[in-house]
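Descriptive analysis of the structure
Listed below, chain by chain, are the residues.
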Amino acid sequence: MNHKEFLELCKSKVVLLDGATGSNLQKAGMPTGVCPEDWILKNPEALINLQKEYVLAGTDILYAPTFTANRIKLEEYGLEDKIKEMNAELISLSRKAIQLAKEERPELKEKNIYVAGDLTMTGEQLYPIGKLMFEELVDVYKEQIRYLVAAGADLLVVETMMSLQECRAALIAAKETCDLPVMVTMTFNEDGRTMFGTDARTAVTVLQSLGAVAVGVNCSTGPDQMRDVVITMRRYTSVPIIVKPNAGLPVLVDGETVFNLGPQEFGLQVKGLVTDGATIVGGCCGTTPEHIAELAAQVKDITPNLAYNPKVRALSTERKTVEIDLDGKFLIVGERINPTGKKDLQAELKEGKLDLVTAMAEEQEENGASILDVNMGMNGIDEKETMLSVVYELSQVVNLPLCIDSSHVSVIEAALRIYPGRALINSISLEKEKFEKLIPIAKKYGAMFILLPLSDKGLPKDIDEKKQIIHTITEAAYAQGLTKEDIIVDGLVNTIGANKRAAIETLETIRYCKEELELATIVGLSNISFGLPERQFVNSTFLALAIHEGLTMAIANPSQDLLVNTAFATDLLCNKEEADLRYINRVTSRPMTITSGAVGGGSKNTKSSGDNKETGIASNAAGTQGENNDEQEVKDSIIYTDVIKGNRKSILDHVKQALSSGEQAAAIVDTMLIPAINEVGNLFDKQIYFLPQLIGSAETMKMAIDYLEPMLQGGDSDKKLGTIIIATVEGDIHDIGKNLVSLMLKNYGFDVIDLGKDVSCDKIIETAKEHNADIIALSALMTTTMLEMKKVVDANKAAGLQAKVVIGGAVITQSYADEIGADGYSTDAQDAVRVVKRLLAV
C-alpha cells in the first residue's frame, strides 16, 4: 500500500479498523503474566478466529498482533532472539484470518483488506527523564519495522502512545526504513492531554509535519470523552483523523471487569465522532466483533469529510503550540542564547555548564518571547554536542519552541532529530550547501525554516534580485513537498547609513511576501541603525513600520522595553485581536526603562540575563506581597530552586555548600526540599508542570535526600511516616506511573518497598505481612489486568492485615476503586501523596 492508495481509501468511505485484541484473547484463555505475542503463536486459532470475525464485521484495516513485539519488550520474556520470526508469523496469522473470512463470505473476495504492522511504547523512558537515548529507540523501532515490512505489512500503525517524542522516534525510524504509510494514535486523559502533557493540537502539529498519513486517539476513554480531542484535531489537521475508543468505562460485574457500552450505544457514539471529523474508526479495550459490526452499520452511508483546513503555520514544544498568523499578534524570537560577545556564557559553555543558558531562556520566556533562538557557534567547544545538550535542557526547563541557529548543516540536523516538538531552522539561503542539504532536512524532520535571501555571490544587489532568490528557494521547497506555511522569509535588513533605501527595501520585501506570496516574515533589527547614535529610537520606529507592513516576527531581546512596548503598541494601533489586553498587561506589569545602545542587537550596554544566575521560576514565584521573611528566604534558596527546576547536576554541590555553611540536614529537608516539592505539586495540579518536570524535580529531590539520609538518623526528619508496599499488578509490565508514585512517596518521608512490575497477589500480601505495611499501593495500565487489584483487596481483607489499599493507573477510576472495595484512588503521583497522607492521618 502506498500513500496515494491510503488516501484514496480514506476518500472512498469511512475506514473501519478492528476492535480489541487483548481483552478478547483473555476471554479465549490467555492468562495474565505471559508474553501476548508468544501466547498467540502457541494458540494461533484464538487470534485467527477473532480477526476473521472482525473482517466479517466490516474491518478494512486489520492490526497485526505485533503490539509489543519489539526488542525491549521481548527481552522481558527472554524472547528477544526470536523477534524476526515472531513478527513474521504474527503478520502471517492476520493474513490467514483475512483469507478465511473471504472463503466464508465470497462477496469479500474482491475487497482489499489491509494488514497494519502494529508498534507501541517500549516501556523505557527516554533521556533526559530516563536512560534510553533517542537514537537507541529509533534503532529499536527500525529493527521491528524491517521485520514487519519483510513479512508483508501493508502499512504501519503506531498506537497507544503517551510520549510525543516516542512517536517521533517511530516515524523517523519508518522514514529511514520503508515507504509505507504510517498512522499514529495517542492516548489522552480526560483533561485533553497525554501523560507527558501533550495536547491534541500539538500532537497534530508535530505528527502531520513529520509525515504521519493519519493521526488520532485510541484507548483511555469511551467515545463521548474523545469529542473535544477530535474537534480540536479537526480544526488543525490536514490529514485524516483516527478514533479507536474503548467500549466506555470499565466496571466490575459478578467479579469480572466489563465495559459499560454495548455494541449499539458504542456505534452511535462513534458515529457522533465521525460527525465531529473522524474518518477512520474502530474500537479498543472492551470492544468485540459485534461492536465493529454495529459501527459498520452506523457509518456505511456516511461520506467522509476530507475537506480539512489548510496547513496551519505553527511551531511547538512537546506540550505547547505557538501559531504563526500572518494577521495575528507580532512574535518575538528571543536572541540571547548566543555566545557571541558574551564572555561569561563562553566560559560556562567551555566548562560544560548550562546555568546561564537556562537563566537566559527562562528570563526571555518571562519577558514575552514566543520562540527562542539557540546558537552555540564559538571556538573551543564541540558545537554539535553542546547544541544537543542545550536542546535537551531547554526542552525540560521552558515551554517555548526552539529556533535552531547554526552555520553547520550537521549541527542543525542533529538538533532537529532529537527536538521533541516542531522547530524552526535558522536559516536556508541560496548558498549551495545549505540550499541543497537543508531543504530535504526540513522536510524529513517536519521543521519550518527561515528563508535568507542570500546566495553564494553574497547580498542581493537590489530588491529584484532579492525577490528572485526568494522565488528560487520557495520553488525548490515546494517541489520537495513543503508548503508556504513552512517558510518564514528574512527581510534582510541592511544598514541605513550605507544605503538610505535600506528600510524602504526591507519594508517592500515584507509587504511583497505577505500580500503576494502569503509568506510569513522575520527580521533582525540591529543592522538598520548600525553606526548611528541612540540606536534604540531608530530600531523601534523601524519595527513599528515593519509591523504595519505585515512583519510576522523579529529576532530581538525581549527585555528591551522600548522595543517590545513599541511592538505591542503597534499591534494595538493595527487593531489586531486582543492587542488591547496584551498592551495593557505588558506596560502595567513592568516599569519602562530606556537604555542607550543597539536595542534588539544584543549590545554590550544591555545587561545579559545570565548575569543574574538566580533568574528563573523560583525567584519569579517569590516576592509576592504578604509573604513573611521566612517564606521568602525558602523561595530564594538555591536548593529550593534546584528542586523546582529539576537541577540534578547541581543540587548535591549546593547541598554540600549549605551544610558547610552551618545548615542542618534536617533543616534542609524541612525548610527547602519539602516546600519545593510541594510547590512542584501545585504547579503540576495547575497544569503549569507536566510529567517530565514532575519526574525531574522528584529525582532531583531524591538525590538530595539520599545524600542527607545518613545525617538524619535519629532525628525527627528520619522518622518514617508509614510503610508502603507498591507494585504493578500481575500480568502488567508497565511501571512509569508506579515508579513516579514510589519516588514521590519516598521524598515525602514514607518507607516505600517497591516490588516492581508483574507482581503476584501472593507476593504482595506476603510482603505486606512481613513489613506490617500501612499501605498497599497498586498500579495497572491495562484493562486486562485490572481484576488483579480486586484479588489483592480481597486477599488483604482475608489475611486480616491493617494495610489500606490505594489503586491508580490510566484505566482506573474512582468508581472502580469503590466497586472493588479499595480504600483510596489516586489520579497521579502528587494525588497519591495526598491520598496516603489522608488515609494515615499524617
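Our structure's up above, just so we're on the same page.
Now for a look at the structure at hand. Residue indices follow the written sequence of each chain, beginning from 1 at its first position. For a predicted model such as this one, the threshold for reporting local features is a pLDDT of at least 70, and the threshold for listing and counting side-chain atom pairs is 80 or more; totals across whole chains, interfaces and linings nevertheless cover every residue. Excluded from the side-chain calculations are hydrogens and water; all other atoms, namely the structure's heavy atoms, are used.

**Considerations on the overall build of the protein chain**
Scanning the protein chain for helices and strands turns up 33 helices and 25 strands. Against the globule reference of 28 Å for 842 residues, the protein chain gives a C-alpha radius of gyration of 29 Å, in line with a compact fold. Projected onto the principal axes, the alpha-carbon positions of the protein chain cover approximately 85 × 75 × 45 Å. With a 1.4 Å probe rolled over the protein chains alone, any residue whose accessible area is under 20% of its type maximum counts as buried; one over 50% counts as exposed, and the rest are partly exposed. Of all 842 residues assigned to the protein chain, the portion counted as buried reaches 60%. Nonlocal contacts in the protein chain, meaning residues at least 24 apart in sequence, comprise 76% of its contacts between residues at least 6 apart. Here a strand is any run of E in DSSP of at least two residues, a helix any run of H or I of at least four, and the numbering for each starts at the N terminus. Every radius of gyration here is taken over C-alpha atoms, with the globule rule written as 2.2 Å times N^0.38, N being the number of residues. Only heavy atoms matter for contacts: two residues are in contact if any of them lie within 4.5 Å across the pair.

**Brief notes about the pairing of strand β21 (residues 723–728)**
When you tally the buried positions in β21, you get six out of six residues, the bulk of the element. Side chains of β21 alternate between two faces, with Thr-723, Ile-725 and Ala-727 and Ile-724, Ile-726 and Thr-728 buried alike. Tracing the backbone out of β21, into helix α29 (residues 736–747) and back to the parallel element strand β22 (residues 751–754) gives a crossover that is right-handed. Note on pairing: two strands pair once DSSP finds at least 2 bridges between them. Both β21 and strand β23 (residues 775–779) contribute to a ladder of five bridges, which runs parallel. Note on β23: the bridge partner recorded for Thr-728 is Ser-779. Whether a crossover is right-handed depends on one test, that the path from the first strand over the helix to the second runs clockwise when the strands point away from the viewer.

**Quick look at the sheet that holds β21**
Pairing is parallel in the open sheet, where five strands are placed in the order β22-β21-β23-β24-β25. Either end of the sheet is taken by a strand with one partner, and the two such strands are β22 and β25 (824–825). Examined bridge by bridge, strand β24 (residues 804–808) and β25 share two bridges and lie parallel to one another. For Val-806, the partnering residue across the bridge sits in β25 and is Gly-824.

**Section: the nonpolar core**
One finds Leu-207, Leu-394, Phe-449 and Leu-673 to be the most contacted residues of the largest nonpolar core, which totals 199 residues. Ranked by the residues each element gives to this core, the list is headed by helix α27 (residues 665–685), at 11 residues. For our purposes a nonpolar core is just a set of buried Ala, Val, Leu, Ile, Met, Phe, Trp, Tyr and Cys residues, chained together by side-chain atoms within 4.5 Å. In this structure, Ala-727, Leu-755, Ile-764 and Met-789 belong to the second largest nonpolar core, which totals 29 residues.

**As for the environment of Val-842**
Mapped onto the fold, Val-842 is located in the segment after α33 (829–840). In contact with Val-842, other than residues within four places in its own chain, are Leu-721, Phe-750 and Lys-837.

**Quick word on the environment of Lys-82**
In this fold, Lys-82 is placed in the loop between α5 (71–75) and α6 (83–104). Given the relative accessible area of 38%, Lys-82 is considered partly exposed. As for Lys-82 and Leu-326, which are separated by 244 residues in sequence, their C-alpha atoms are 53 Å apart.

**Digging into unusual backbone geometry**
Between Tyr-127 and the following residue, Pro-128, the backbone shows a cis peptide bond with an omega angle of 15°. Following the sequence through the fold, Pro-128 ends up in the loop between β3 (114–119) and α7 (134–150). Of note, the bond from Asn-426 into Ser-427 is cis; its omega dihedral lies within 30 degrees of zero at 10°. Within the element layout of this structure, Ser-427 appears in strand β16 (residues 424–430). Positive phi, close to 55°, is recorded for Asp-758, a residue that is not glycine.

**Focus: the packing of aromatic side chains**
For Phe, Tyr and Trp, where Trp contributes only its six-membered ring, two rings pair if their centres lie within 6.5 Å, and the inter-plane angle classes them as stacked under 30 degrees, edge-to-face over 60, or tilted in between. Overall, the coordinates contain one aromatic pair when judged by the stated rule. Centroid distance Tyr-127 to Tyr-392: 4.8 Å. Interplanar angle 90°. Geometry classified as edge-to-face. Placement of the pair is Tyr-127 in the loop between β3 and α7 and Tyr-392 in helix α15 (residues 383–397), with a sequence separation of 265 residues. Look at Tyr-127 and you get partly exposed, because its relative accessible area is 35%. Cation placement over rings: the criterion is NZ of Lys or CZ of Arg within 6 Å of the ring centroid and within 35° of the ring normal. Stacked on the ring of Tyr-63, the Lys or Arg Lys-244 has its end atom at 4.5 Å from the ring centre. Note that Lys-467 overlies the ring of Tyr-512, its terminal NZ or CZ placed 4.3 Å from the centroid.

**Here we look at a negative patch on the surface**
Note that patches include only residues with greater than 30% relative accessible area and no salt bridge, and the join distances are 9 Å for like charges and 5 Å for nonpolar side chains (Val, Leu, Ile, Met, Phe, Trp, Tyr). To measure how exposed things are, a 1.4 Å probe is used in the Shrake-Rupley method; for residues, cover is taken only from the protein chains shown. For this analysis, a salt bridge means a side-chain nitrogen from Lys or Arg found within 4 Å of a carboxyl oxygen belonging to Asp or Glu. As used throughout, the charge tally considers Lys and Arg to be positive and Asp and Glu to be negative, leaving His and the chain termini uncounted. We put the charge of a Lys on NZ, of an Arg on CZ, of an Asp on CG and of a Glu on CD. Where like charges cluster on the molecular surface, the negative patch consists of Glu-75, Glu-80, Asp-81, Glu-85, Glu-89 and Glu-124. Relative to the helices and strands, Glu-80 resides in the loop between α5 and α6. Among the residues examined, Glu-80 registers a relative accessible area of 33% and is labelled partly exposed.

**Comments concerning the state of the cysteines**
Here, two cysteine sulfur atoms that lie within 2.5 Å of each other are counted as a disulfide. Counting across every chain of the model gives zero disulfides. Its sulfur unpaired, Cys-219 is 3.7 Å from the next cysteine sulfur, which belongs to Cys-285. Cys-285 sits in the buried class, given a relative accessible area of 15%.

**Details of the packing of helix α21 (residues 561–573) against helix α22 (residues 579–589)**
Interaxial angle, 0 to 180 degrees, is taken between N-to-C directions of lines fitted to C-alpha atoms, where a helix line uses only the stretch in contact. At a closest axis distance of 8 Å, the pairing of α21 and α22 adopts a crossing angle of 155°. Compared by their axis directions, α21 and α22 come out roughly antiparallel. When you trace α21 past α22, the crossing you get is left-handed. Two secondary-structure elements touch here, α21 through Asp-561, Val-564, Asn-565, Phe-568, Ala-569, Asp-571 and Leu-572 and α22 through Ala-579, Asp-580, Arg-582, Tyr-583, Arg-586 and Val-587. Asp, Glu, Lys and Arg are counted as charged, while Ala, Val, Leu, Ile, Met, Phe, Trp, Tyr, Cys and Pro are counted as nonpolar; the rest, among them Gly, fall into the polar class. Looking at the contact of α21 with α22 residue by residue, the class counts come to seven nonpolar, one polar and five charged. In these notes the angle categories are as follows: under 35 degrees is roughly parallel, over 145 is roughly antiparallel, 65 to 115 is roughly perpendicular, and the rest is oblique. Two helices cross in a left-handed way if the nearer one is turned anticlockwise from the farther one by less than a right angle. They cross in a right-handed way if the turn is clockwise.

**Let's talk about helix α18 (residues 463–479)**
The span expected for a helix works out to 1.5 Å for each residue beyond the first. Between the first and last C-alpha of α18 there are 24 Å, a value that for 17 residues agrees with the 24 Å anticipated at 1.5 Å per step. Taken residue by residue, α18 has Ile-463, Glu-465, Lys-466, Lys-467, Ile-469, Ile-470, Ile-473, Thr-474, Ala-476 and Ala-477 as its buried positions. As for α18, its buried residues are in contact with β16, α17 (432–445), β17 (448–455), β18 (487–490) and α19 (502–515). Capping the start of α18, Asp-462 holds a side-chain oxygen 3.2 Å from the backbone nitrogen of Asp-464, two or three residues further along. Any pair of nitrogen or oxygen atoms within 3.5 Å is treated as a polar contact; in protein, a donor-acceptor pairing is required on top of that, and neighbouring residues in sequence qualify only through side-chain atoms on both sides.

**A word on the sheet that holds strand β20 (residues 553–556)**
Strand order in the closed barrel made by the eight strands is β13-β14-β15-β16-β17-β18-β19-β20, with parallel pairing throughout. Across this sheet, the average inter-strand angle for adjacent strands is 30°, counted without regard to direction. Relative to strand β14 (residues 371–375), strand β13 (residues 331–337) runs parallel, the two sharing three bridges. Across the sheet, the residue bridging to Gly-334 is Leu-372, located in β14. On the sheet, α15 packs against β13, β14 and β15 (402–405) and is oriented at approximately 175° with respect to β15.

**Focus: the pairing of strand β6 (residues 214–218)**
Among the five residues of β6, five are classified as buried, and the element is accordingly described as predominantly covered. The pairing of strand β5 (residues 182–186) with β6 spans four bridges and is classified as parallel. Note on β6: the bridge partner recorded for Val-184 is Val-215. Handedness of the crossover joining β5 and β6 through helix α9 (residues 200–209) is recorded here as right-handed. Both β6 and strand β7 (residues 241–244) contribute to a ladder of four bridges, which runs parallel. By the bridge assignment for β7, Gly-216 is matched with Ile-242. Note on the crossover from β6 through helix α10 (residues 227–236) to β7: the handedness is right-handed.

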